[in-house]
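Fold and geometry: a report
These are the residues of each chain, in order.
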Amino acid sequence: MGSISLDEVHIWTASRDASDEAIESLRCLLNDEERRRADRFVFAHDRTRFAVSRGLLRVILGHYLDRPAASLEFVVNVHGKPALNASSNTDPPIRFNLAHSGPWVVYAVTLGREIGVDIERVRPEFGGFAIAERFFAPGEVATLHALPEEARSLAFFHGWTRKEAYIKAKGKGLALPLDEFEVAIDPERPASLLSTLPDPLEASRWSLVEIPAEPGFVAALCVEGNGYHVRQRRWPAEADPGTDPIFRIF
Ligand SMILES: CC(C)(COP(=O)(O)OP(=O)(O)OC[C@H]1O[C@@H](n2cnc3c(N)ncnc32)[C@H](O)[C@@H]1OP(=O)(O)O)[C@@H](O)C(=O)NCCC(=O)NCCS
């Protein structure tokens, strides 16, 4: 089995714009429901990007479970968060989450910890300030106001990815009101979950970190608990998660 320990988080980054040969071999791994999902995309490049991201998810998880990628089964919770449908009690409790933006897909894998990940392209034209004013927590909006105008776009997308990583770790998506928790949003400050409502203790149950992303993109990770190493690798060039953690979360 590809190994992962209780004190590790593995991040895999891949391009969804694969060669025709890779697309075909990844598409072959999908089940009927996934193929139907792929077919529902109007544009061909969205169909192939979905097939690549789902096929690679199977390959990566199969690597940890030592099982054929095509044999894996998934379940989703009521808010759409996918999880492995364990085929036996002996399977390790692999948890995962994924996010895509543009050509990139990012997978986060842990053993027994809930996890959420997000990646976004920084789009200065997006008008994030108005969105933040409407949906973000008051402290986040105040931070945006205090920043020079040219710094706001990056701050908004840091806030977005950090908030989204948290709601994805919780598995609730947008059912979790975005103004009921506050993340550090200033690009000069490390990512963190600053406060949560209605239960203030919730903030201490999760750790939030920025993860390195391709130029023009930002990405964040939210993990249940702390005390872990994050290892980040590209797929497929570096098929082994290696030994050197890129950073440690205490
Ligand atoms: C569905 C949602 C979880 C993420 O959507 P998104 O940003 O469009 O997509 P991402 O690339 O981040 O993630 C998509 C993946 O998350 C996973 N996912 C879906 N629902 C999820 C949930 N409730 N919790 C965790 N993960 C979920 C799936 O694996 C999905 O990939 P797939 O469709 O290829 O299987 C949800 O938060 C949403 O609709 N967000 C809309 C964007 C937004 O307004 N965000 C506000 C941020 S401040």
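These numbers come from a predicted model, not from an experiment.

Looking now at the overall build of the protein. Per the secondary structure count, the protein includes six helices and 12 strands. For a compact globule of 250 residues, the expected C-alpha radius of gyration is about 18 Å, and the protein comes in at 18 Å, within 12% of that figure. Across its three principal directions, the C-alpha atoms of the protein cover 50 × 40 × 35 Å. The buried share of the protein, reckoned over its 250 residues, is 37%. Nonlocal contacts in the protein, meaning residues at least 24 apart in sequence, comprise 57% of its contacts between residues at least 6 apart.

Time to look at the site of the ligand. In the vicinity of the ligand there are 20 residues, among which Gly-80, Lys-81, Ala-99, Lys-168 and Gly-173 approach most closely. Listed by contribution, the elements that provide at least two residues to the shell around the ligand are β4 (94-101), β6 (115-121) and α6 (149-170). The greatest single-element share of the shell around the ligand, amounting to five residues, is contributed by α6. Here the shell around the ligand spans two domains, since at least three of its residues come from each of domain 1 (8-113 + 225-249) and domain 2 (119-221).

Domain annotation for the protein reports domain 1 (8-113 + 225-249) and domain 2 (119-221). Put simply, the middle of domain 1 and the middle of domain 2, counted by C-alpha atoms, are 24 Å apart. Facing 18 residues of domain 1, the contacting portion of domain 2 comprises 16 residues. A class-by-class count of the residues in the side of domain 1 that touches domain 2 yields eight nonpolar, nine polar and one charged.

A separate point is the nonpolar core. Ranked by internal contacts, the top residues of the largest apolar core, which has 57 residues, are Val-106, Tyr-107, Ala-108, Tyr-166, Leu-208, Leu-221 and Cys-222. No fewer than three residues from each of domain 1 (8-113 + 225-249) and domain 2 (119-221) sit in this core. If sequence neighbours within four positions are ignored, Val-106 has contacts with Ile-11, Thr-13, Leu-98, Ala-99, Val-117, Ile-119 and Ala-219.

Relative to the assigned elements, Glu-149 resides in helix α6. Under the C-beta neighbour-count criterion, Glu-149 is labelled exposed, with 8 such atoms within 10 Å.

Now for the sheet that holds strand β10 (residues 217-224). Strand order in the open sheet formed by three strands is β6-β10-β9, and the pairing between neighbours is antiparallel. Each of the sheet's edge strands pairs with one partner strand only, and the pair in question is β6 and β9 (206-211). Neighbouring strand axes in the sheet, compared pairwise and without regard to direction, differ in orientation by 15 degrees on average. Across seven bridges, the pairing between β6 and β10 is antiparallel. Each residue of the ladder has a partner; that of Arg-121, found in β10, is Phe-217. Contacting β6, β9 and β10, α6 runs over the sheet at an angle of about 150 degrees to β6.

As a further point, take the environment of His-100. Within the secondary structure layout, His-100 lies in strand β4. On the neighbour-count criterion, His-100 (17 C-beta atoms within 10 Å) is partly exposed. In this structure the C-alpha to C-alpha distance between His-100 and Ser-15, which are 85 residues apart in sequence, comes to 9.5 Å.

Here the focus is unusual backbone geometry. Excluding glycine, a negative phi dihedral is what most residues carry, and trans is how most peptide bonds are arranged. That bond from Leu-197 to Pro-198 is cis: its omega, 0 degrees, falls within 30 degrees of zero. Mapped onto the elements of the fold, Pro-198 is located in the loop between β8 (193-196) and β9. Of note, Asp-66 is a non-glycine position whose phi angle comes to about 55 degrees, a positive value. Topologically, Asp-66 is positioned in the loop between α3 (44-65) and β2 (74-76). We classify Asp-66 as exposed; it has 11 C-beta atoms within 10 Å.

We now examine the pairing of β4. Within β4, six of the eight residues are buried, which leaves the element mostly enclosed by the surrounding structure. As judged from the eight bridges shared by β4 and strand β5 (residues 104-111), these two strands associate in the antiparallel manner. The residue bridging Asn-97 from the neighbouring strand is Ala-108, located in β5. Counted between consecutive antiparallel strands, the loop separating β4 from β5 contains two residues, among which Gly-102 sits at a positive phi close to 55 degrees.

Conventions and cut-offs
Residues numbered from 1 in each chain as written. Predicted model: local features only at pLDDT ≥ 70, side-chain atom pairs only at ≥ 80, totals over all residues. Helix = DSSP H or I, 4+ residues; strand = E, 2+ residues; numbered from the N terminus. Rg over C-alpha atoms; globule rule 2.2 N^0.38 Å. Buried ≥ 20, exposed ≤ 12 C-beta atoms within 10 Å, placed from the backbone. Contact = placed C-beta atoms within 7 Å. Near = placed C-beta within 6 Å. Domains from an automatic or database assignment. Nonpolar A, V, L, I, M, F, W, Y, C, P; charged D, E, K, R; others polar. Core = buried A, V, L, I, M, F, W, Y, C linked by C-beta atoms within 7 Å. Pairing = 2+ DSSP bridges. Axes fitted to C-alpha atoms, helices over the stretch in contact; angles between N-to-C directions.

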